[in-house]
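# Structural description and commentary
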Amino acid sequence: MGLDRELEAMRRRLNRIAPIKNPPELKMNIFTEEEWNNKKPTDQSQWELNLVIEDKRPLIG
């Protein structure tokens, strides 16, 4: 019984120190430049990141 009581006390102490939290769901959208230009606006969460890969530009020379 003493061991069970000690384990419960440790669990309570740990929960006070580091409460369990639900982290936000991170999302990354990858678009080509053409897809990005034709994309319809949508509601996004603050945890969403859009990466746009630009088309290759010709070198000036």
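Residues numbered from 1 in each chain as written. Predicted model: local features only at pLDDT ≥ 70, side-chain atom pairs only at ≥ 80, totals over all residues. Heavy atoms only, no water.

### Thoughts on the overall build of the protein chain
Put simply, the rule reads: Secondary structure elements follow DSSP: runs of H or I no shorter than four residues count as helices, runs of E no shorter than two count as strands, and numbering proceeds from the N terminus. With the radius of gyration taken over C-alpha atoms, the globule rule is written as 2.2 Å times the number of residues to the power 0.38. Remark: exposure states derive from per-residue accessible area (1.4 Å probe, protein chains only) relative to the maximum for the residue type, with buried under 20%, exposed over 50%, and partly exposed in between. Here, residues are in contact when the closest pair of their heavy atoms is within 4.5 Å. Under the convention used here, a 1.4 Å probe and the Shrake-Rupley method define accessible areas, while residue burial counts only the protein chains that appear. Under the convention used here, Asp and Glu are negative, Lys and Arg are positive, and both His and the chain ends fall outside the count. To locate a charge, take atom NZ for lysine, CZ for arginine, CG for aspartate or CD for glutamate.
Counting its regular elements, the protein chain contains 2 helices and 2 strands. For 61 residues, the compact-globule estimate of 2.2 N^0.38 gives 10 Å, and the protein chain exceeds it by more than 25% at 25 Å. Along the first, second and third principal axes, the C-alpha set of the protein chain runs to 80 × 30 × 15 Å. Within the protein chain, buried positions represent 5% of all 61 residues. Counting only contacts in the protein chain whose residues sit at least 6 apart along the sequence, the fraction spanning at least 24 positions is 3%. Within the structure as shown, the protein chain displays about 6,500 Å² of accessible surface, and the carbon and sulfur contribution to it stands at 56%. Computed over 11 positive and 11 negative side-chain charges, the separation of the two mean positions in the protein chain equals 11 Å.

### Considerations on a nonpolar patch on the surface
Definition in use: The residues that make up patches have over 30% relative accessible area and no salt bridge, and they are joined within 9 Å when like-charged or within 5 Å when they are Val, Leu, Ile, Met, Phe, Trp or Tyr. A pair is scored as a salt bridge if a Lys or Arg side-chain nitrogen falls within 4 Å of a carboxyl oxygen belonging to Asp or Glu.
A cluster of nonpolar residues, Met28, Ile30, Leu49, Leu51 and Ile53, forms a patch on the protein surface that exposes about 490 Å² of accessible area. Elements that contribute at least two residues to the nonpolar patch include exactly β1 (27-32) and β2 (48-53). With respect to the element layout, leucine 49 can be found in strand β2.

### Here's the deal with a negative patch on the surface
A contiguous patch of negative charge, built from Glu34, Glu35, Glu54 and Asp55, is present on the exposed surface. Inspection of the secondary structure puts aspartate 55 in the segment after β2.

### Examining the pairing of β2
Here is the rule: Two strands are said to pair when DSSP picks up at least two bridges between them. With strands facing away from the observer, any crossover in which the path from the first strand over the helix to the second runs clockwise is taken as right-handed.
Alignment of β1 against β2, held across 6 bridges, turns out to be parallel. For methionine 28, the partnering residue across the bridge sits in β2 and is leucine 49. In this view, the connection linking β1 to its parallel neighbour β2 by way of helix α2 (residues 33-38) has right-handed handedness.

### A few points about the confidence of the model for the protein chain
In plain terms, the rule: How sure the predictor is of each residue is captured by pLDDT, a score from 0 to 100.
Of the residues in the protein chain, 93% have a pLDDT of 70 or more, and the chain-wide mean is 85. Within the protein chain, the element-level pLDDT minimum falls on helix α1 (residues 2-17), averaging 87, and the maximum on β1, averaging 92.

### Re the side chain of glutamate 33
Inspection of the secondary structure puts glutamate 33 in helix α2. For glutamate 33, a relative accessible area of 16% corresponds to the buried category. Sequence-distant contacts of glutamate 33, defined by excluding residues within four places in its chain, comprise Val52, Ile53, Glu54, Asp55 and Arg57.

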